[in-house]
Structures are given as C-alpha cells and as structure tokens.
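# Tertiary structure, described
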Amino acid sequence: MNVLAIDSSNLVMGVAVTTEDKVLAELTTNSRKNHSERLMPAIAQMVEAAGLKPEDLDRIVVAEGPGSYTGLRIGVTVAKMIAWTRKKELVGVSSLEVVAQNGRGFAGYIAPFFDARRGQVFAGLYEEKEGEIIPAAADRLVMIKDWLPELRKCGRPVLFLSNDLEKWGKLIAEEAYATLGESTQNVPRAAELARIGLRKTPVSDIHHFLPMYLRLAEAEAKWLAKQGR
Amino acid sequence: MKIDVSKKTMILGIETSCDETAAAVVENGTVIRSNAVSSQIDIHRRFGGVVPEVASRHHVDQITVICEEALNQSGITWEDLDAIAVTQGPGLIGALLVGVNGAKALAYVHGLPLVPVHHITGHIYANRFVHELEFPLIALVVSGGHTELVSMKEHGSYEVIGTTRDDAAGEAFDKVARTLGLPYPGGPEIDRMAQGGRPSIDFPRAWLEEGSLDFSFSGLKSAVINYVHNEQQRGHELNSTDIAASFQESVSEVLVKKTMYAAKQMRARQILVAGGVSANSKVRSEMEKAARAQGIPLVIPPLSLCTDNAAMIAASGTIGFLKGARADLSLNGKASLAIEDF
Ligand SMILES: [Zn+2]
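Per chain, the residues get numbers from 1 upward, laid out in the order the sequence is written. Whichever chain is written first is A, and whichever ligand is written first is 1; the rest continue in order. Thresholds applied to this predicted model are a pLDDT of at least 70 for local features of residues and 80 or more for the giving and counting of side-chain atom pairs; totals over whole chains, interfaces and linings are not thresholded and use all residues. Side-chain figures throughout are based on the complete set of non-hydrogen atoms in the structure, without hydrogens or water.

Our focus in this paragraph is the sheet that holds strand β8 (residues 159-163) of chain B. All names here are of chain B. As summarised here, the arrangement of the five strands in space is β8-β7-β6-β9-β10, forming an open sheet in which the pairing is mixed. Looking at the sheet topology across the chains shown, the edges are occupied by β8 and β10 (298-299). Both strand β6 (residues 137-142) and strand β7 (residues 147-152) contribute to a ladder of six bridges, which runs antiparallel. Bridging across to β7, V142 finds its partner in T147. The sheet strands contacting helix α8 (residues 240-265) are β6, β7, β8 and β9 (270-274), and the helix crosses β6 at an angle near 155°. By definition, two strands form a pair when at least two bridges between them are found by DSSP. Secondary structure elements are taken from DSSP: a helix is a run of H or I of four residues or more, a strand is a run of E of two residues or more, and numbering for both begins at the N terminus. Throughout, a contact is declared for two residues whenever any of their heavy atoms are within 4.5 Å. Under this scheme, a helix contributes an axis fitted over its contacting stretch, all axes are lines through C-alpha atoms, and angles between N-to-C directions fall in the 0 to 180 degree range.

Before going further, it helps to examine the coordination of the zinc ion. Residue and element names in this part refer to chain B. Sites may look incomplete, because water is not among the atoms used; the donor set itself consists of N, O and S atoms within 2.8 Å of the metal (3.2 Å for Na, K and Ca). Donor atoms from the polypeptide that bind the zinc ion are H119 (NE2), H123 (NE2) and D308 (OD), placed at 2.1 to 2.2 Å. Along the chain, the residues donating to the zinc ion fall in the pattern H-x3-H-x184-D. Here H119 pairs with H123, and both are found in helix α4 (residues 119-125), just four residues apart, close to one helical turn. When a residue's accessible area, from a 1.4 Å probe over protein chains only, is under 20% of the maximum for its type it is buried; when over 50% it is exposed; and in between it is partly exposed. Judged by relative accessible area, which is 0%, H123 ranks as buried.

This paragraph deals with helix α9 (residues 281-294) of chain B. Residue and element names in this part refer to chain B. Look at α9: 20 Å from first C-alpha to last across 14 residues, which is about the 20 Å you get at 1.5 Å a residue. Those residues of α9 that fall on the buried side of the exposure criterion are V283, R284, M287, A290 and A291. Each buried residue of α9 lies within a common arc of 140° when the element is viewed along its axis, so the set occupies one face. Facing away from the buried side of α9 by more than 90 degrees, the exposed set consists of R292 and A293. If you follow the buried residues of α9, they end up packed against β6, α8, β9, β10 and α10 (303-306). Two N or O atoms form a polar contact when they lie within 3.5 Å of each other; inside protein one atom must be a possible hydrogen donor and the other a possible acceptor, and for residues adjacent in sequence the pair counts only when both atoms belong to side chains. N-capping of α9 is provided by N280, with a side-chain oxygen placed 3.0 Å from the backbone N of K282. Helices are assigned an expected span. That span is 1.5 Å times one less than the residue count. When we speak of the arc, we mean the arc of directions from the helix axis to the C-beta atoms.

On to the environment of V47 of chain A, then. Inspection of the secondary structure assignment puts V47 of chain A in helix α1 (residues 35-49). Overall, the relative accessible area of 1% leaves V47 of chain A in the buried class. The sequence separation of V47 of chain A and L210 of chain A amounts to 163 residues, and the corresponding C-alpha distance is 24 Å. Excluding residues that lie within four positions of it along the chain, V47 of chain A makes contacts with L4, V17, L52, K53, P54 and L57 of chain A together with Y108 of chain B.

A common way to state how big an interface is: give the accessible area lost once the parts meet. On the chain A side, the residues contacting the 31 residues of chain B number 33 residues. Taking both sides of the interface into account, the surface hidden between chain B and chain A amounts to around 3,100 Å²; carbon and sulfur atoms contribute 65%. For the chain B face of the interface with chain A, the top three residues by lost area are R57, T64 and Y108 of chain B, together amounting to 23%. Salt-bridge contacts for R46 of chain B lead to E220 of chain A; the nearest nitrogen and oxygen are separated by 2.6 Å. Counting across the interface, chain B meets chain A through 16 residue pairs in polar contact (both at pLDDT 80 or more). The set of elements that each furnish at least two residues to the side of chain B that touches chain A consists of α2 (52-74) and α3 (93-110) of chain B. Here the residues of the side of chain B that touches chain A are counted per class, giving 16 nonpolar, nine polar and six charged. Take the accessible area each of two parts loses on contact, using a 1.4 Å probe, and add the two losses: that sum is the buried area. What makes a salt bridge here is a side-chain nitrogen of Lys or Arg within 4 Å of a carboxyl oxygen of Asp or Glu, nothing more. In the scheme used here, Gly and all other residues not listed as nonpolar or charged are polar, with Ala, Val, Leu, Ile, Met, Phe, Trp, Tyr, Cys and Pro taken as nonpolar and Asp, Glu, Lys and Arg as charged.

Let us now look at the UniProt feature "domain: Gcp-like" (unreviewed entry) in chain A. Under the local residue numbering, the UniProt record ascribes the feature "domain: Gcp-like" (unreviewed entry) to residues 23-223 of chain A. As annotated, residues 23-223 of chain A comprises 37% helix and 28% strand, and the C-alpha atoms at either end are separated by 47 Å. UniProt positions are given in the numbering used here, feature names are shortened, and annotations may be inferred rather than shown by experiment.

Before going further, it helps to spend a moment on the pairing of strand β4 (residues 83-89) of chain B. All names here are of chain B. Counting buried positions along β4 yields seven of seven residues, so the element is predominantly enclosed. Sheet topology places β4 next to strand β5 (residues 114-118); five bridges connect them, and they run parallel. In the strand pairing of β5, G89 is matched with H118. Crossover handedness is defined here as right-handed if the route from the first strand over the helix to the second strand goes clockwise, with the strands pointing away from the viewer. For the crossover from β4 across α3 to β5, the handedness is right-handed.

So, in structure tokens, the structure goes:
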C-alpha cells in the first residue's frame, strides 16, 4: 500500500510517501508558514521522488489538528480532494499524536503541545505500551498554568515535546518532573504520521471529514454565550 | 490579443471567495452544464453578516460535496475537462484558500491545467450566458463587496474606470437594513419593503468631482441612519417603506447615471450589470429605462447568476484558458488583487 502523509497543521510542514514497511520520500520544513503556496508543490515533488504517480497512492493520511485553523484547512482540503476524486482511503490523525512518536523509549508520560495563544496550549498526553505510543488522555485546549499542576499530580516523569518550547520551556523546566525535548524530538515527522495512519481505520464519510479545531470560532462562542448555553 | 472564443472547451469552475461554496461545469464558455452552490446565508444570519472563520470552516465541509454535485449533474467525466478554473481573489483569504488548494489538488491528480480567475471578471462573464459580449463595453459590478465600473475593449481585457471610495453599494444596503431592523442580508429585504413606499425623502447623492466615475455610499448610509434617529427622537412613527424606497432611489440614481456617463464616453456597444445588487428591482428597472433612452443594449444576468456562483468563474476561466493563463501548484489565494492583471 502506498501512503501519502500530509501535515500542514502548524509551523512545521511535512509530506511523506511510504509503504507499510518503507519510507520512500519525506520532506520537513520548520521555518516559513506559507503552506498554501508550498504544500502542493511539495506533494508533487515527494510523489515523484518516490517514483510514483498520483494514481498510485492508496491511502491519504492527514494531520487533522489541533493547530493553526488556516493550516489545518489547507492540509485537510487537499487530502479530502485527492481521496474523494480518486476514490482512495482517507485517514485523520491527531497532530499531537504525530509529535508524541518522537518520545519513544521515554519511561513516563509524553506530553506534546502547541501554543494556542492567550496562555493556552493544545495539549496531548501519551505513553508507550508494548512498543506503541498510545493516548493516555484526549487532546485538549487548556491553560498552561492549569496543565502543569495537573501533570504534577500524576507523579510520573513527563517529557514535553513542542516546537513552542522557546516560549514555554522556561516555565515548564521549573517543574521537577519535567524533561524538555531535544530539537529533533520537537518536530513532527510526516513518515511517522504515515505509519500511524496505516494502523487506523479510514473515515467512512470523506465529504464531511473536518479538521479537529478543538475551539469554536470566536463569533460562534460569543453567540452561544449570548443564548445562555 | 485576439482570442478565438469559438473553440470547444469544457471547464470546471470553483468559487469560495465569501460565503458560498460553488462548483460548476461550463461548455464553450457559454453553456452551463451544471451549477452547484451551497449557500451559507442561513448560517451567518444570526451573526448579522458573514463571519470569515465560520465561512472558511463551512467551505471545508462542503467543497467535495459541491464538486461531486457539479460533476454528476454535468454528465461529464474528468477526462472530458480541459482545465480547472478557480477564484484566486479578491475575497476572504481563509475562504479563498479552501477553493484554491482544492482546485490545485484536483489539477494535480487529474493532470489538468489550472486557470486563476479574478472574482469580478466572473461576475462580468455571468452575462455571457445571456448574450455574447460586444466590445467596447461597460460593466457595472455591484455587490456586498464591490462597486466597480469596468471597461472592456475585448475578451479578457479589463480596466477599472470607477470604484467606491468607501462602502460597497451592497454594504450600504445591509447597514440601512439593520437600522430599519431588517434581517441580513439586507438587499432583498429593502427591495421588498420599498415596493410599498414612495421615494419622498430627499437623501443625498454623492456625485463626487465633475466627471468622476467613482462612488461613495457612506454619506448616504449616515444620512439614512441620522434620519431614522431624528425621527425616533421626535417620537414619530418610522415610515420604513418610504425610507427604503428613498434610499433605493438614491443608490440606483447614482449607479445608473455614472454607468450611462461612462458608456457614452467609451462609446460602449453594450452595458453589463452584475453582482448581488443587480438583483435589486429598482436598479434593474432604472438601468433598463436609461439604456433604452440612450439606445445602448443592456444585459443583466438572471437572479440566480447575480449572486456568487461558479458557472461565472468557469465562464471567465474559459477566456483565461484560451488566453493561455496558467497557474502552477504554488498558486495562492489573495484577499486583494488587481483586475488588470487578469
Ligand atoms: Zn461576488
């Protein structure tokens, strides 16, 4: 099975083409965020580098979020379009789960997160069991000042993986249980995304597959608040 | 550059610049094979206007559904297509990106050329479904987002000769509607309300400098709002039907006179009106009267083609395709974009 993996959910843009047991091509950038311009050329380039044609792809795996709303929409739209028009399988994978793969071998919790502004983070909690990284809790949107004490209570070492450690690393390092990820561990790999996507069941309704925003649009939240809900 | 518009073409158009997700298949630039639109009006009504983030989210939900509908209704297959045309701008950037990236993915997977389209040229080319364009022509594009006079000497050549300096005409409709307590979108509501009123209130007309083809509607909008406040302060009961009729009269008089002035100056052989506001009955009837008096043929698209749709994008994209306009996979959406570059 040929897999195309797409991650444009955050600053990192990743594209990989793999089979079940081989990474054929992989590209990662971690600098500029013009994913709208660069994603499709990167996909074309990786598919070609893998020696394949678009029609040879069997499964499209996309990082579904959380992350930048615009970035998510770019990746999810492209993935949906390819899967729908070529009648291929589509799989969505948590963007945090992709980062968590880089904590393999760590004895304790793996806590990937993305900065979500206003003191909030998109946070995940994972752990290794029988060689696989599996979720220990659902991905969530949380204030970092609430998240750190909650993890403290778990009484286990926690490995923090994030491209946003520059912003939050100092605060996290004050926690005795905390270990900060190395630069190479903080960047999600599209080939890992493909590997996780191979284990999951494809979505049944490609048309209405949506990004995992984990947050309402502001106008929507305000409107609901006004309705007293 | 002369284009052979008689060439056989089959183009898929995609439009997501604001709050409609749309896809359509157009044959030879003039025949609508399918025209699928998913409107979000009901979703945005409770916010009193289009919320960009909400609109973008709905586009992702609708984009493949609408493309499938357009393909199925057209009775064609991917192999029958010559190109994919997509709105590159202007519009809401988050919304545009869904259409642009979706179109790029389709173009890549099916090995089809990709043609970028300027949204306003789409509105203009909606008229080609009604009548073949005759040059030189003057097009008035009026909607919630735009008020522009465009001059065309031939297919695919555009020059903006007048534009709004503040609000678009449709924006003024929405704001006046809100002042009168009418729901969003305001255009159709004002139109309905004006049917029962008389244009008895003398609201201002902004002509700007002598000979100017530009527009300004913020003064008119403020005048209506002030009038309503004064009446309310005096404890008078609002005669909303007269206010609506008077406001509409003021808007249409300025639109019609400036369009006619431009048409005479350019010796236009045709006048086109397009965009959501061209659905307004007063604008339509006044424009018809004035064009008849001047002896210049007038074309206005049917109501369904006045608002945003993808058939118009495919129609303009057909001309772009024949002109050789091509985008590569790095095509990006642009919130603002010059029509002259298309
Ligand atoms: Zn429009």
